[in-house]
Amino acid sequence: MGGCFSKPKPVELKIEVVLPEKERGKEELSASGKGSPRAYQGNGTARHFHTEERLPAPHPYAGTQDCVEAAVCHVKDLENGQMREVELGWGKVLLVKENGEFHALGHKCPHYGAPLVKGVLSRGRVRCPWHGACFNISTGDLEDFPGLDSLHKFQVKIEKEKVYVWASKQALQLQRRTKVMAKCISPSAGHSGSTNVLIVGAGAAGLVCAETLRQEGFSDRIVLCTLDRHLPYDRPKLSKPTCDPGLALPSLGPRASVAKWNSGCLALSQVGCILQSLDAQPEQLALRPKEFFRAYGIEVLTEAQVVTVDVRNKKVVFKDGFKLEYNKLLLAPGSSPKTLSCKGKEVENVFTLRTPEDANRVVRLARGRNAVVVGAGFLGMEVAAYLTEKAHSVSVVELEETPFRRFLGERVGRALMKMFENNRVKFYMQTEVSELRAQEGKLKEVVLKSSKVVRADVCVVGIGAVPATGFLRQSGISLDSRGFIPVNKMMQTNIPGVFAAGDAVTFPLAWRNNRKVNIPHWQMAHAQGRVAAQNMLAQEAEISTVPYLWTAMFGKSLRYAGYGEGFDDVIIQGDLEELKFVAFYTKGDEVIAVASMNYDPIVSKVAEVLASGRAIRKREAVSAAQQDRRYVLAHRERILSLHAADLGRHAGAPGTEAKPWGQVPTSNFPGSPTREPESSQCLPWAAWLTSREALAASRCSPPKASAATKGWPWRQDRPCLFSCYWDWSPVGALQHIRHYLKIKTHTFADLCDFHCNWANTREGETGTATECSMPHQEVWPVSAQRR
């Protein structure tokens, strides 16, 4: 059995603690099992520190030469509930105003570096726009996950109506703060066979549990054991990009830099996409460096497989025969990937992608060759997206009709599938693998039940997972019919002193009427690990976080919050074809989940509403789907008149000036009309009318019934952005307009339609044509007719 240290060293804990009145006089067990008034209270009710038990926390303002102070704004520059990113020295600070008070914090999320100013401010905390982590604006402390570190909090003062911020130069550079933790004093004395807290599983749940115990003052022995050969690492990065596509930062190379980052000694501004997902090395994925575990006395036993749990005697047995007694136990074993059961399943170069070594081998084998991914869930699609730049060909095999169908729905799944097809990914849907064929023992072909044969040099299988709880079957710890560990809101199992967290548990989801669910999300594992630790310390905490996940493919990020299993309707806002949308998943009259792409921070907003305990009704989602459009209509003249002259110049018209009502003469655009423009030849910017009314407003006759116009699905409910009449073929100008609107008006252009009537009288053209500048899932052809 390996470990963070070569062998478990004998441990004897001699720590003086102060017990509360109700606990005094009780005899507690020390590590040796003998009664001792000096032993740490097992349930954690005593949490007294000695100075030497803590790592010294440097004062944030050690000297004036190490600090910077400046006026960053006027007190009236921010309203209550507003945030602003302000310059301070050579760094930046997030300035927040709530309830009349100003707060200054680090401006980037310590998780992946998201700009918090683009996040959501609510209930005294700011939520990250990318992955949903929450930070208390009064303390900077991390309140919800993912991530391990908190924000720096800077001093604020008001003088002469100006807001001053005082900050440590080092804190401005680091942008992350690790909470002060207790240390474990462990002189050797021959008690390596017992520990106060044993954590089985070193994923997010296990690590957060250990850190939370230390943050709360727990100074007894903690042992963390894992099947992996590595210290706890960021598993999502095996298939996801190392940083969010929304963040472009320089990359790092040396291993030492990664260790500095993890220990909080490297500025976030210096950290970028270290390596892209499957290429990353274990030390580059590490959540904490080895020095962190040594400093805080968290023992990590690697390649340590637990085979038996004896709850009566509070003892576990490892595969190599090593036995370890415990007082409190956390079970966070995670899950085991499902494998193929077809003929030839034993051939080489077929992977389930569980370790960094698996990921590295997949990339190496796929480079310039043929890759097949079985399964179109998150793991499979992330791997397929990444391999498109490495492999000669990438194929995806899936039993469902569309990717993500059960999770994101048919429409969203098809939109994402189209994105993959545009990036040369070949799909084989509604089929399964029937055989893996090898040449000299190595994979060569994948045979499908549809009789198709796909060339393959490497295959990644992502068809789901099962809880890794087989070792608990004879333990007395309850398992459900699928092998999951049922726990209550406090992450307690049916056995006192035994807790469980992570992918292997089912727990009551508070905002879904305490429905027992399994949610194998990275963020949820963090939250469950903390709740388990708090209840080991008798703090009576309950799990209440809103599930939040993310994925990144082809430079686009998908966010998701809630629990959408069993949804019966999907309400789409935005443009699926452009992959700029929000999808509300409803069941009955209630919104139970939301997904978005290129629509930040809508998912974080919804997560914050759900976290507050308020239900979102379906009618609210329907209304929200029209919100941007109503805003545009309410501000149509202001929005469009601001850009009228610019549009003319962008199209190549020198000196264009807006006419009354924001009309721009078409004569100012490229080309030469046969005569001076009439009113019908202007762009009526304020004509935000229905399709038929828009044509009338621009004095253009409606389209005549013909073979070209037959079947056009005219709609009455979508506003027309503008309509125009051209006296020449305007193809070039239309391209300019389309590009300009996409840049200048952003979502406004996506919500409306563009009508253009034209006739090329110079060349004597007759007939009809169509043109549409705004792609939309349900857009209809724009009328174009001969005058």
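About the cut-offs
- Within each chain, residues carry numbers counting from 1 in the order of the written sequence.
- At least 70 in pLDDT is required for a residue's local features to be given in this predicted model, at least 80 for side-chain atom pairs to be given and counted, and no such filter applies to totals for whole chains, interfaces and linings, which use all residues.
- Calculation of side-chain values draws on the structure's entire complement of heavy atoms; hydrogens and water are dropped beforehand.
- When DSSP locates at least two bridges between a pair of strands, those strands are taken to pair.
- Elements are defined by DSSP. Helices are runs of H or I of four residues or more, strands are runs of E of two residues or more, and each kind is numbered from the N terminus.
- Contacts are assigned to residue pairs with any non-hydrogen atoms lying within 4.5 Å of each other.
- Axis lines are fitted to C-alpha atoms, over the contacting stretch for helices. Their N-to-C directions set the angle, which ranges from 0 to 180 degrees.
- Per-residue confidence from the prediction method is given by pLDDT, with values spanning 0 to 100.
- Classification of ring pairs uses Phe, Tyr and Trp, with its six-membered ring standing for Trp, and accepts pairs whose centres are within 6.5 Å; under 30 degrees between planes counts as stacked, over 60 as edge-to-face, and the remaining range as tilted.
- The rule is simple: take the accessible area with a 1.4 Å probe, protein chains only, and divide by the maximum for that residue type; under 20% is buried, over 50% is exposed, in between is partly exposed.
- Cation placement over rings: the criterion is NZ of Lys or CZ of Arg within 6 Å of the ring centroid and within 35° of the ring normal.
- Put simply, buried Ala, Val, Leu, Ile, Met, Phe, Trp, Tyr and Cys residues joined by side-chain atoms within 4.5 Å make one nonpolar core.
- What makes a crossing left-handed is the near helix being turned counterclockwise from the far one by less than a right angle; a clockwise turn instead makes it right-handed.
- Just so you know the grouping, Ala, Val, Leu, Ile, Met, Phe, Trp, Tyr, Cys and Pro go in nonpolar, Asp, Glu, Lys and Arg go in charged, and all remaining residues, Gly too, go in polar.

Moving on to the sheet that holds strand β21 (residues 393-398). Strand order in the open sheet formed by 5 strands is β19-β26-β20-β21-β22, and the pairing between neighbours is parallel. What marks the edges here is a single partner per strand, and that holds for β19 (350-351) and β22 (425-429). In this sheet, strand β26 (residues 458-461) lies alongside strand β20 (residues 370-374) in parallel orientation, the contact comprising 4 bridges. Counted as the bridge partner of Val373 is Val460 from β26. Sheet contacts for helix α7 (residues 378-387): β20, β21, β22 and β26; angle to β20, the most-contacted strand, approximately 165 degrees.

Attention shifts here to the confidence of the model for the protein chain. Interpretation of the predicted coordinates at a detailed level should be avoided for regions scoring low in pLDDT. Taken over all residues, the pLDDT of the protein chain has a mean of 75, while the share at 70 or more is 65%. Across residues 643-787, confidence stays below pLDDT 50; counting only partners more than four residues off in sequence or on other chains, it has 285 contacts.

On to the sheet that holds strand β28 (residues 485-486). Read from one edge to the other, the open sheet built from 3 strands follows the order β28-β30-β31, with strand pairing classed as mixed. Strands with a single pairing partner mark the edges of an open sheet, and in this sheet they are β28 and β31 (515-517). In the sheet, β28 pairs with strand β30 (residues 505-509) via 2 bridges, with the strands oriented parallel. Its bridge partner lying in β30, Pro486 is registered against Thr506.

This part covers the packing of aromatic side chains. One pass over the full model with this rule turns up 11 aromatic pairs. For the ring pair Phe567 and Tyr585, a centre distance of 5.0 Å and an interplane angle of 70 degrees mean the geometry is edge-to-face. One end of the pair, Phe567, is in the loop between β33 (556-562) and β34 (569-575); the other, Tyr585, is in strand β35 (residues 580-587), with 18 residues separating them in the sequence. Exposure remark for Tyr585: the relative accessible area of 0% places this residue in the buried category. Three or more aromatic residues joined by ring pairs make a cluster, and in this case those are Phe378, Phe404, Phe407, Tyr560, Phe567 and Tyr585. Above the ring of Tyr164, the side-chain terminus of Lys157 is found at 5.9 Å from the ring centroid. The ring of Phe292 has Arg288 sitting right over it, with the charged end atom 4.6 Å from the ring centre.

With that settled, consider the nonpolar core. Judged by nonpolar contacts, the single largest core of 102 residues is most densely connected at Leu198, Leu213, Val309, Leu330, Leu331, Ile477 and Phe507. With 8 residues, helix α10 (residues 522-536) is the single largest residue contributor to this core. Beyond its immediate chain neighbours, meaning those up to four positions away, Ile477 contacts Val309, Val311, Leu331, Leu472, Ile485, Thr493, Asn494, Ile495 and Val498. Membership of the second largest hydrophobic core comes to 52 residues, among which are Ala280, Ala366, Val412 and Leu549.

Bringing the packing of helix α2 (residues 204-215) against α10 into the picture now. Two quantities define a packed helix pair, namely the angle between the helix axes and the distance between the axes. Axis separation between α2 and α10 bottoms out at 7 Å; the angle between their running directions is 40 degrees. Seen from above, α2 lies across α10 with right-handed handedness. Each of Ala204, Ala205, Val208, Cys209, Thr212 and Leu213 in α2 lies in contact with α10, whose residues at this interface are Trp522, Ala525, His526, Gly529, Arg530, Ala533, Gln534 and Met536. Split into classes, the residues belonging to the contact of α2 with α10 amount to 9 nonpolar, 4 polar and 1 charged.

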